[in-house]
Number of protein chains: 2
Amino acid sequence: MPSVTRNRKDSPQQSAKRREAIEQSLVNATNELVAGGQSFTEISVNELARTAGISRSTFYVYFRDKGDLVGRISQQMTNELIVATSCWIPYAEKAVWADIRQTVLNLMSVYERHGALMAALIETAAYDAEVAELSRQMMTRLVDQIRVGYDRITADNKHNPVGNGDVVKVLPFMLERCCYFYARGRPASELEWLAESMTQVLWSSLYNPELMPDKSAPPSMVG
Amino acid sequence: MPSVTRNRKDSPQQSAKRREAIEQSLVNATNELVAGGQSFTEISVNELARTAGISRSTFYVYFRDKGDLVGRISQQMTNELIVATSCWIPYAEKAVWADIRQTVLNLMSVYERHGALMAALIETAAYDAEVAELSRQMMTRLVDQIRVGYDRITADNKHNPVGNGDVVKVLPFMLERCCYFYARGRPASELEWLAESMTQVLWSSLYNPELMPDKSAPPSMVG
DNA sequence: GATAAATCGGACACCATGTCCGACCAATAC
DNA sequence: GTATTGGTCGGACATGGTGTCCGATTTATC
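What counts as what
Residues numbered from 1 in each chain as written. Chains lettered and ligands numbered in written order. Predicted model: local features only at pLDDT ≥ 70, side-chain atom pairs only at ≥ 80, totals over all residues. Heavy atoms only, no water. Helix = DSSP H or I, 4+ residues; strand = E, 2+ residues; numbered from the N terminus. Buried < 20%, exposed > 50% of the residue type's maximum accessible area, 1.4 Å probe, protein only. Contact = heavy atoms within 4.5 Å. Areas by Shrake-Rupley, 256 points an atom, 1.4 Å probe, with all protein chains shown as cover. Polar contact = N/O pair within 3.5 Å; in protein donor to acceptor, adjacent residues only side chain to side chain. Salt bridge = Lys/Arg side-chain N within 4 Å of Asp/Glu carboxyl O. pLDDT = per-residue confidence, 0-100. Phe/Tyr/Trp six-rings, centres within 6.5 Å; stacked < 30°, edge-to-face > 60°. Lys NZ or Arg CZ within 6 Å of the ring centre and 35° of its normal. Expected span 1.5 Å × (residues − 1). Disulfide = S-S within 2.5 Å. Core = buried A, V, L, I, M, F, W, Y, C linked by side-chain atoms within 4.5 Å. Lys, Arg positive; Asp, Glu negative; His and termini not counted. Axes fitted to C-alpha atoms, helices over the stretch in contact; angles between N-to-C directions. Parallel < 35°, antiparallel > 145°, perpendicular 65-115°, else oblique. Left-handed = near helix turned anticlockwise from the far one by under 90°. Nonpolar A, V, L, I, M, F, W, Y, C, P; charged D, E, K, R; others polar.

Draft legend 1. Main features of the overall build of chain A. Scanning chain A for helices and strands turns up nine helices and zero strands. Written out in order from the N terminus, the α and β elements of chain A read α-α-α-α-α-α-α-α-α. Split into buried and exposed, the 223 residues of chain A put 52% on the buried side. Long-range pairs, those at least 24 residues apart, make up 69% of the contacts in chain A with a sequence separation of at least 6. Approximately 10400 Å² of chain A is accessible, and the part contributed by carbon and sulfur atoms is 50%.

Following this line, the structure appears as C-alpha cells:
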C-alpha cells in the first residue's frame, strides 16, 4: 500500500547531522578520486557517490548537483584561508618578517591539505555561475582581510603610507594563484622558496613603501 | 558516383589558410556568444559552429573538439602576452616606473580585447588536460620572461640584488590573475588603480630590494 | 561542363544528467 | 508481533551534448 503522507518534494527533515556526515564522505571520496588522477570535472556523480558509499539517488536527495556540493565546501575553504591569516592581520602594524612568512606558510598548508577540494572549487567555478560567485566572494573576503592589515600598517606612524592603497586588491590573487599552482597537494616544507618569495612580495609591497620611485620620469621606450 | 580516391581520415590537405579563416570565424563567434552572457563551457559545438557560419560537421573536420580550438587560441594569447612585456623586459635594468606601468597596461589591454578567449582558455583548462598543459606553459613562458628582466636588473650595479630570485616565479601569477579578474573585457583606461597597483608590486619587488627587512627577528605571534 | 574538394545534413551509438517511483530496510510505536 | 515512518536503493526515464560516419550537395578549378 503506497503511503499517502509520503512527500518526496520537501523531504528534508534530514538531520543536518546526517547531511554533514554525507558531505564528509563525499569530500573524502573527492580526495581519493582526484588523488587517483582524475580531475573533479570528469568524475561522474555516480562515481563520486559510490566511492563515498552512497547511491546516486541519495546524492540527489542531499545536493542539487555537484556544484551544490562544491558550494558548501567553498565556504569551509574560505574560512580556513581567513583563519590562516589571523597570525598576521590583527597585529599587522607590529609584524615582522617571520609573522608574514608564517601566514604564507599557513595558506600553503591549506592548499597542501585540501588540494583536491581547491581544484574542485576552481574547476567548478569555471562553468557553474553559482560557484563562480562563491569563489569571487572568497577572493573578496581575502582582499578585505588584507585591507584590514594595510589599514593598521598605515595608521601606525612607523610606516610611511604608500600612495596607493589598492595594492590590497592585488596581493590576494598572487597568494591564491601561487598556492594553487605550486602548493596544491604538496608539502609546504618542500617549498621554502615559495614561502620566501610570497613573503617578500607582501613585505616589499606593504612595509617597504618609503622608497618611492620617481613616477614622473617619462617612459624610455614606446609601448 | 562515389570517389574512390577520397579519403576522409587523413583528409587535411585543407589549406592552412582556410583553417585559419575558420578559426577566426570561431573566435568571433566565441566573442559574440560570450558577450551574450554564456560561459564558453556551456556553448555547444553546434551553437559555436552555426554562429561562425559553418556546420557542426565542418567543425569536426578542422578541430578534434572544443579543446583543440582553444589550444590554438592559447598559443596566440601567450604570444600577445609576451609581446606586451617587450617594452620593459629588454631594457629592464634602465627602466623607470612609466615603462613598467606601460607593460602592465599592455597586459591589461590583452585581457580587455580578448576577455572571452582568455575565459575560454581558463575554463577549458579546468577539465581538458591538454589545454591545462598549454595554460601551464603560458605561465612558464611569462615566468621566463620576467626572469630575463630580473637578471638584467641584478646584473646592473645600480640595483642591489634581492636575496631571492624566485620572486619571478610568483609575480606573473599576480599579473595574470588580476587581469583576468579585474580587466577582462573592461577598458584599461577605466582601471587606473589596477595599473598603478600592479606596477607598484612589480616595482617594489624588483627595484626596491635595498631595504632589506630583518629576517632573523622571531615571530611575535604563534601560527 | 567535368572533376575533385569542401561542406552539409542527418543518423548513429554513447554517456552523464536530473527526475521520479516503487521496493526495501531499518527503527520505533502501538 | 505488526504497522508506520524516515531513509536508502536500484532502476527506468527523457533529455541533451558528444564524436563519428556517410551519402548527398554545393563550390571551386581548370
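Draft legend 2. Spatial organisation of the side chain of Glu196 of chain B. Residues and elements named next belong to chain B. Of note, Glu196 is situated in helix α9 (residues 192–206). With relative accessibility at 16%, the residue Glu196 sits in the buried group. At a separation of 2.8 Å, a polar atom in the side chain of Glu196 contacts the side chain of Arg101.

Draft legend 3. Examining the pattern of salt bridges more closely. Residue and element names in this part refer to chain B. Considering all chains together, one arrives at 15 salt bridges over all chains under this definition. For the salt bridge of Arg152 with Glu93, the shortest nitrogen-to-oxygen distance reads 2.9 Å. Residue Arg152 is found in helix α7 (residues 129–155), and its partner Glu93 is found in the loop between α4 (66–84) and α5 (97–113); the two are separated by 59 residues along the sequence. Among the ionic pairs, Arg136 bridges to Glu133, the shortest N-O distance being 3.1 Å. Highlighted residues: Arg136 and Glu133, both in helix α7, separated by three residues, approximately one helical turn. On the basis of relative accessibility, which here comes to 33%, the residue Glu133 falls in the partly exposed class.

Draft legend 4. Structural context of the confidence of the model for chain A. Per-residue pLDDT for chain A averages 88, and the proportion of residues at 70 or more is 83%. Within the model, pLDDT remains below 50 along residues 1–12 of chain A, and this stretch shows zero contacts once partners closer than five positions in the same chain are excluded.

Draft legend 5. Highlighting helix α6 (residues 115–125) of chain B. All names here are of chain B. The element α6 is largely enclosed, with a buried count of eleven among its eleven residues. All of the buried residues in α6 are Gly115, Ala116, Leu117, Met118, Ala119, Ala120, Leu121, Ile122, Glu123, Thr124 and Ala125. Looking at the buried side of α6, the elements it contacts are α1 (16–35), α4, α5, α7 and α8 (171–183).

Draft legend 6. Expanded view of the packing of aromatic side chains. Applying the stated rule across the entire model yields 16 aromatic pairs over all chains. A centroid spacing of 4.7 Å and a plane angle of 50° characterise the contact between Phe181 of chain A and Phe173 of chain B, whose relative ring orientation is tilted. Of this pair, Phe181 of chain A sits in helix α8 (residues 171–183) while Phe173 of chain B sits in helix α8, placing the two residues on different chains. Residue Phe181 of chain A is classed as partly exposed on the basis of its relative accessible area of 26%. Grouping aromatic residues by their ring pairs yields a cluster made of Phe173 of chain A together with Phe181, Tyr182 and Trp193 of chain B. Positioned over the ring face of Phe63 of chain A is Arg19 of chain A, at 6.0 Å from the centre of the ring. Above the ring of Trp193 of chain A, the side-chain terminus of Lys169 of chain B is found at 3.8 Å from the ring centroid.

Draft legend 7. Summary view of helix α4 (residues 66–84) of chain A. Taking 1.5 Å per residue, 19 residues should reach 27 Å; α4 of chain A reaches 27 Å between its end C-alpha atoms and fits that length. The N-cap of α4 of chain A, judged by a side-chain oxygen 3.1 Å from the amide nitrogen of Gly67 of chain A a few residues on, is Asp65 of chain A.

Draft legend 8. Spatial organisation of the state of the cysteines. Residue and element names in this part refer to chain B. One pass over the full model with this rule turns up zero disulfides over all chains. Left unpaired, Cys178 is separated from the closest cysteine sulfur, that of Cys179, by 7.1 Å. By relative accessible area, which is 1% here, Cys179 ends up buried.

Draft legend 9. Local environment of the nonpolar core. Counting residues in hydrophobic clusters, the biggest one holds 141 residues, and the most contacted among them are Trp88, Met108 and Met198 of chain A together with Trp88, Met108, Leu194 and Met198 of chain B. Discounting residues that sit within four places of it in the chain, Trp88 of chain B has contacts with Ala95, Asp99, Ile100, Thr103, Ile146, Leu202, Leu206 and Tyr207 of chain B.

Draft legend 10. A look at the side chain of Glu176 of chain B. Relative to the helices and strands, Glu176 of chain B resides in helix α8. Among buried Asp, Glu, Lys and Arg side chains, Glu176 of chain B stands out as unpaired, with Arg177 of chain B the closest opposite charge at 4.1 Å.

Draft legend 11. Structural view of the packing of helix α5 (residues 97–113) of chain A against α8 of chain A. All names here are of chain A. Closest axis-to-axis distance for the α5/α8 pair is 9 Å, and the angle between their directions is 45°. One finds that α5 runs oblique with respect to α8. For the pair α5 and α8, the sense of crossing is right-handed. Of α8, the residues touching α5 (which contributes Leu107, Met108, Tyr111 and Glu112) are Leu175, Glu176, Cys179, Tyr180 and Ala183. For the contact of α5 with α8, the class distribution of residues is seven nonpolar, no polar and two charged.

Draft legend 12. Spotlight on the environment of Ser44 of chain B. Residues and elements named next belong to chain B. Locating Ser44 in the fold gives a position in the loop between α1 and α2 (45–52). Along the chain, Ser44 and Lys66 lie 22 residues apart, while their C-alpha atoms are 8.9 Å from each other. Of note is the side chain of Ser44, whose polar atom sits 3.1 Å from the backbone nitrogen of Glu47.

Draft legend 13. Summary view of the environment of Val61 of chain B. All names here are of chain B. Along the chain, Val61 turns up in helix α3 (residues 56–62). Relative accessible area serves as the criterion here: at 28%, Val61 is assigned to the partly exposed category. Residues Val61 and Arg19, spaced 42 residues apart in sequence, show a C-alpha to C-alpha distance of 9.7 Å.

Draft legend 14. Structural view of the environment of Thr199 of chain A. Residue and element names in this part refer to chain A. Mapped onto the secondary structure, Thr199 falls in helix α9 (residues 192–206). On the basis of relative accessible area, Thr199 is assigned to the buried category, the value being 0%. The spacing of Thr199 and Arg101 is 98 residues in sequence and 5.4 Å in space, taken between C-alpha atoms. Leaving out residues up to four positions away in the same chain, Thr199 has contacts with Trp97, Ile100, Arg101 and Val104.

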